[in-house]
Amino acid sequence: MTELLQGLPKVDLLLKDSMFSHCTPSILKVCIQNTLSQKRQEILSGKQSTLHLKELKEEIYALYLSQTQSTIKPLINATGIVLQTNLGRSLLHPKILEEITPLLSNYNNLEYDIANGERSERYIHITHLLKTLLHCEDAIVVNNNASAVLLVLDTFGKNYEAIISRGELVEIGGAFRIPEVMKISGTDLIEVGTTNKTHIWDYANAITERTTILMKVHQSNFKQIGFCSSVDFADLSKLAQEHNLIDYYDLGSGYMQGLQIHEEPSILELSKLSPSLLSFSGDKLFGGPQAGIIIGKAHLIAKLKQNHLLRALRVDKFTILALEATLRAYIHQEYDKIPTITMLNATLEELHTKAQKLHNRLQSIPYLKLSIERVDSLAGGGSLPQTPFPSYGILCQSSLLKTLAFEQALRKKGVISRIIQDHICLDIRCIFEQDFDKIHLIFQNLMKDFSNAQ
Ligand SMILES: *Cc1c(COP(=O)(O)O)cnc(C)c1O
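In what follows, the accompanying structure is described. Remember, it's a predicted structure, so these values are computed and weren't measured experimentally.

### Overview of the state of the cysteines
Each disulfide consists of one covalent bond between the sulfur atoms belonging to two cysteines. As enumerated under the stated definition, the model contains zero disulfides in all. Summary of cysteine pairing: Cys396 is not part of a disulfide, and the nearest cysteine sulfur, belonging to Cys425, is at 8.0 Å. The class for Cys396 is buried, based on a relative accessible area of 0%.

Structural data, given as structure tokens:
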């Protein structure tokens, strides 16, 4: 045992080892120390009876890599779910990134008034475009829509009452609950109606001197069917106006022109009602960067800007630039620059052609049984929960492994799929043609590995 302990190499010697020549010394040193101390423990407890320098060095290197390498990897989304929150939600098109790169890598007038040589406001780069696009009086942008809800409630609801339907006290993925956010903001939540039915008089009867907001929240990730009704925002808006209150609609996602869907609230249509305030996510159906976009009456947006909480929810230049480029794409109707729209609008014919191409690429791989089937994709991201988007999937099975193991193996290689009736389903909707080679290689290598293992 003492021999083994004495045989452990010195830290200084390992630090100079050529195997680690490209490593950052300070980080490497910690990895060496931790590995050596673990080895010492193992020797003392009798678990380690031999010592190989090569293995020890490999262990140190593995630890170094695990602590210094990136853990975020590109994935192939074969689930057909366009707004997959776990997989990063909305994608930004390379053309958008190309437009903003020179601005990100150079100084710019983010908060600078060039004409007067004075400090200016970062939001102006976005508000004029939002005004053009949505005909709103004014707008502001924060980190995400959760922040938008918090900022609105904190500004106008704190120590006052906000009235909301019991059917709209929703929880969104990632533990965002409307009642909790209201509590954090210090707004008293006044629930009206029932889970399935709320009427305009429910709101009207609940108005008191302490009421400041009539709030509507979109039931993003679920759908009520049967004996149910809720109040149209137009009616809620009218009631708010009559009582000099703020009508605020948290749309969650909402959708813009360019998308042919009707189950979600249209941002443009709602904006035409001249609401006090509307908010929605930048990276759901809008198809931009993560952001919370608030539009509405100028005097209310001005109040939001005065709230010190805004400083904590402030968007950075990356968000502003990516959002600005996305807004310009909408204004010029360049919807091809918004992948969320392209993927959701893809026709069955286009999807079939794409599926056929991938099918043909994979067909020659042994041990695979493939077919093309009609499947349904989903929008995801808490949008359109019940709306199927007709698509095509490549269904596969292999004689070498069970479907569950197949799914897991693909996942570990970066292909995220679904299982449909004991088949792997590669829904073609969110798979890019430039990834076909990669997918081919992954399937080929998997079949090779599993046939060798048999
Ligand atoms: C998604 C959603 C939110 C939260 O938006 P994030 O941009 O994810 O913060 C809030 N309210 C509703 C109704 C939503 O659907």
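Back to the text.
### Some remarks on the packing of helix H5 (residues 94–104) against helix H14 (residues 317–331)
H14 packs onto H5 with a crossing angle of 140 degrees between their chain directions and a minimal axis gap of 9 Å. Comparing their axes, H14 and H5 come out oblique. At the point where H5 passes H14, the crossing takes the right-handed sense. Seen from H5, the contacting residues are Ile96, Leu97, Glu99, Ile100, Leu103 and Leu104; seen from H14, they are Lys317, Phe318, Leu321, Ala322, Ala325, Thr326 and Arg328. The residue makeup of the contact of H5 with H14, split by class, is nine nonpolar, one polar and three charged.

### Things to note about the sheet that holds strand S8 (residues 188–192)
With respect to topology, seven strands assemble into an open sheet ordered S4-S12-S11-S10-S9-S5-S8, the strand pairing being mixed. With partners counted over all chains shown, the strands left at the sheet margins are strand S4 (138–142) and S8, one partner each. Neighbour-to-neighbour, the strand axes of the sheet open up by a mean angle of 20 degrees, direction not taken into account. In the sheet, strand S9 (residues 211–217) pairs with strand S10 (residues 246–252) via five bridges, with the strands oriented parallel. Paired with Lys216 across the two strands is Tyr249, which belongs to S10. Helix H6 (residues 124–134) rests against S4, strand S11 (277–281) and strand S12 (292–296) of the sheet, and its axis sits at about 125 degrees to S4.

### So, the packing of aromatic side chains
For the coordinates displayed, the defined rule picks out six aromatic pairs. Ring plane angle 40 degrees and centroid distance 5.0 Å describe the contact between Phe286 and Tyr330, whose orientation is recorded as tilted. Of the two residues, Phe286 sits in the loop between S11 and S12 while Tyr330 sits in helix H14, which places them 44 residues apart along the sequence. Residue Tyr330 is classed as buried on the basis of its relative accessible area of 1%. Measuring from ring centre to ring centre gives 6.1 Å for Tyr330 and Tyr335, while their planes differ by 65 degrees; the resulting arrangement is edge-to-face. The side chain of Lys197 reaches across the aromatic face of Phe227, ending 4.0 Å from its centre.

### Here we look at the pattern of salt bridges
If the charged atoms of two oppositely charged side chains come close together, the side chains can form a pair. Tallying each qualifying case throughout the model produces 27 salt bridges. As a salt-bridge pair, Lys54 and Glu58 come within 3.4 Å of each other at their nearest N and O atoms. Linking Lys54 with Glu58, this pair stays in helix H4 (residues 53–68), spanning four residues, or about one helical turn. Residue Glu58 is classed as partly exposed on the basis of its relative accessible area, which comes to 39%.

### Thoughts on the site of the ligand
Close to the ligand lie 13 residues, the nearest being Arg89, Ser220, Asp250, Ser281 and Lys284. At a separation of 2.9 Å, an oxygen atom of the ligand approaches a polar side-chain atom of Arg89. At 2.4 Å from an oxygen atom of the ligand is found a side-chain nitrogen or oxygen belonging to Ser220. Relative to its unbound accessible surface of 380 Å², the ligand loses 94% to contact with the protein. A breakdown of the residues in the shell around the ligand according to their chemical character gives four nonpolar, six polar and three charged.

About the thresholds
- Starting afresh in each chain, residues are numbered from 1 along the sequence in its written order.
- With pLDDT at 70 or above as the cut-off, local features in this predicted model cover only qualifying residues; side-chain atom pairs require 80 or more to be listed or tallied, and sums for whole chains, interfaces and linings still use all residues.
- Note that the side-chain values use all heavy atoms of the structure and ignore hydrogens as well as water.
- Disulfides are defined as cysteine sulfur pairs within 2.5 Å.
- Exposure is judged per residue with a 1.4 Å probe applied to protein chains only, and the accessible area is read against the type maximum: over 50% gives exposed, under 20% gives buried, and values in between give partly exposed.
- Between N-to-C directions, angles cover 0 to 180 degrees, with each direction set by a line fitted to C-alpha atoms, over the stretch in contact for helices.
- A helix here means a DSSP run of H or I that spans at least four residues, while a strand means a run of E at least two residues long, and both kinds are numbered starting from the N terminus.
- The labels follow the angle: roughly parallel below 35 degrees, roughly antiparallel above 145, roughly perpendicular from 65 to 115, and oblique for the rest.
- By definition, turning the near helix anticlockwise from the far helix through less than a right angle yields a left-handed crossing, and turning it clockwise yields a right-handed one.
- A contact between two residues is defined here by any heavy atoms of the two lying within 4.5 Å.
- Three residue categories are used. Nonpolar comprises Ala, Val, Leu, Ile, Met, Phe, Trp, Tyr, Cys and Pro, charged comprises Asp, Glu, Lys and Arg, and polar comprises the others, including Gly.
- By the convention used here, strands pair only if DSSP detects at least 2 bridges between them.
- Any two of the Phe, Tyr and Trp rings considered here, Trp counted by its six-membered ring, make a pair once their centres fall within 6.5 Å; the pair's planes then place it as stacked at under 30 degrees, edge-to-face at over 60, or tilted in between.
- Comment: the charge-over-ring label is applied if NZ (Lys) or CZ (Arg) is within 6 Å of the ring centre and within 35 degrees of the ring normal.
- Counted as salt bridges are all cases of a side-chain nitrogen of Lys or Arg within 4 Å of a carboxyl oxygen of Asp or Glu.
- A cutoff of 4 Å decides nearness: a residue is near a molecule or strand if any of its heavy atoms lies inside that distance of it.
- Polar contact is defined as a pair of N or O atoms within 3.5 Å, subject to the rule that within protein one atom must be able to donate a hydrogen and the other to accept it, and that residues adjacent in sequence are counted only when both atoms are side-chain atoms.
- In this description, accessible areas are obtained by the Shrake-Rupley approach with a 1.4 Å probe, and a residue is regarded as covered only by the protein chains that are shown.

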